[in-house]
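This is what each chain is made of:
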Amino acid sequence: MNRQTRPRLRDRRGRGMRGPAVLPEAPGRPALRTARERFDDLALGIVTDIDARWQDRLGLVEYAVEDTPQIPDDWSSATVPLSSLVRGSGGTPTRLVLFRRPIERRCETRTDLEALVLTIVVEQVAELLGIDAEQVDPRYESD
């Protein structure tokens, strides 16, 4: 085969395809969901299920996801927190924050991630309610 009959796999400068391999459905919006969006959907599903089950006893609780915790300079622990629970007072709601990056770093698979998020949310809700974590959700498994 000579040079002119071969199909061209690269451009004239030796590079391959540039840009996304999947075209977006809407201009300006990525076709594939980001890791942040996938984590938010996972957390929302778990929180919605547990919150619906315990809403009458929990009261007003705000759930949030942040990338990383803000650790003070005098932090003495060798571990990074995976979540934060701040009890509300008066008209201020209780706030439960999941820290996405530390949680993702501890998981190898999607199943591990789902299990860890479930464990964190269940343990925090159990602390709020003052009950055992096994009572909060039947999927919870203590180690």
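The coordinates are above.
Per the secondary structure count, the protein chain includes 4 helices and 3 strands. For the protein chain, buried positions account for 28% of its 143 residues. Taking the contacts inside the protein chain whose residues are at least 6 apart along the sequence as the reference set, 55% of them involve residues at least 24 apart. Within the structure as shown, the protein chain displays about 10600 Å² of accessible surface, and the carbon and sulfur contribution to it stands at 48%.

Turning our attention to the environment of leucine 128. Looking at the secondary structure, you find leucine 128 in helix H3 (residues 110–129). Residues leucine 128 and arginine 57, spaced 71 residues apart in sequence, show a C-alpha to C-alpha distance of 9.4 Å.

On to the sheet that holds strand E1 (residues 61–66), then. As summarised here, the arrangement of the 3 strands in space is E1-E3-E2, forming an open sheet in which the pairing is mixed. Strand pairing shows two members of the sheet lacking a second neighbour, E1 and strand E2 (83–86), which therefore form its edges. In this sheet, neighbouring strand axes are inclined to one another by 15 degrees on average, regardless of whether the strands run parallel or antiparallel. When E1 meets strand E3 (residues 94–99), the two strands line up parallel, connected through 6 bridges.

Counting buried positions along E3 gives 5 out of 6 residues, so the element sits mostly inside the fold. By the bridge criterion, 4 bridges tie E2 to E3 in an arrangement that is antiparallel. Residue pairing across strands places serine 83 opposite leucine 98, the latter belonging to E3.

This part is about helix H1 (residues 35–58). Between the first and last C-alpha of H1 there are merely 29 Å, a value that for 24 residues lags more than 12% behind the 34 Å anticipated at 1.5 Å per step. Buried within H1 are the following residues: Phe39, Leu42, Ala43, Ile46, Val47, Ile50, Asp51, Trp54 and Leu58. Residues of H1 that are buried sit in contact with E1, E3, helix H2 (100–105), H3 and helix H4 (133–136). Where H1 terminates, the next one or two residues include glycine 59, which has phi positive at roughly 80 degrees.

Once that is clear, we can look at the pattern of salt bridges. Taken as a whole and judged by the stated rule, the model has 10 salt bridges. Its salt-bridge partner being aspartate 67, residue arginine 100 comes within 3.0 Å of it at the nearest N-O pair. With arginine 100 in helix H2 and aspartate 67 in the loop between E1 and E2, this pair connects stretches of sequence that are 33 residues apart. Between aspartate 137 and arginine 139 there is a salt bridge, with the nearest N and O atoms lying 3.0 Å from each other. Look at aspartate 137 and you get buried, because its relative accessible area is 1%. Overlapping salt bridges, with partners in common, bring together Arg36, Asp67, Arg100 and Glu104 in one network.

Of all hydrophobic cores here, the largest spans 27 residues; its most connected members are Ile50, Ile103, Val117, Val121 and Val136. At the level of elements, H1, H3 and H4 are the ones that each hand at least two residues to this core. Ranked by residues supplied to this core, first place goes to H3 with 10 residues. Once residues within four sequence positions are removed from consideration, valine 136 is found in contact with Ile50, Arg53, Trp54, Val122, Val125, Ala126 and Ile131.

About the thresholds
Residues numbered from 1 in each chain as written. Predicted model: local features only at pLDDT ≥ 70, side-chain atom pairs only at ≥ 80, totals over all residues. Heavy atoms only, no water. Helix = DSSP H or I, 4+ residues; strand = E, 2+ residues; numbered from the N terminus. Buried < 20%, exposed > 50% of the residue type's maximum accessible area, 1.4 Å probe, protein only. Contact = heavy atoms within 4.5 Å. Areas by Shrake-Rupley, 256 points an atom, 1.4 Å probe, with all protein chains shown as cover. Pairing = 2+ DSSP bridges. Axes fitted to C-alpha atoms, helices over the stretch in contact; angles between N-to-C directions. Expected span 1.5 Å × (residues − 1). Salt bridge = Lys/Arg side-chain N within 4 Å of Asp/Glu carboxyl O. Core = buried A, V, L, I, M, F, W, Y, C linked by side-chain atoms within 4.5 Å.

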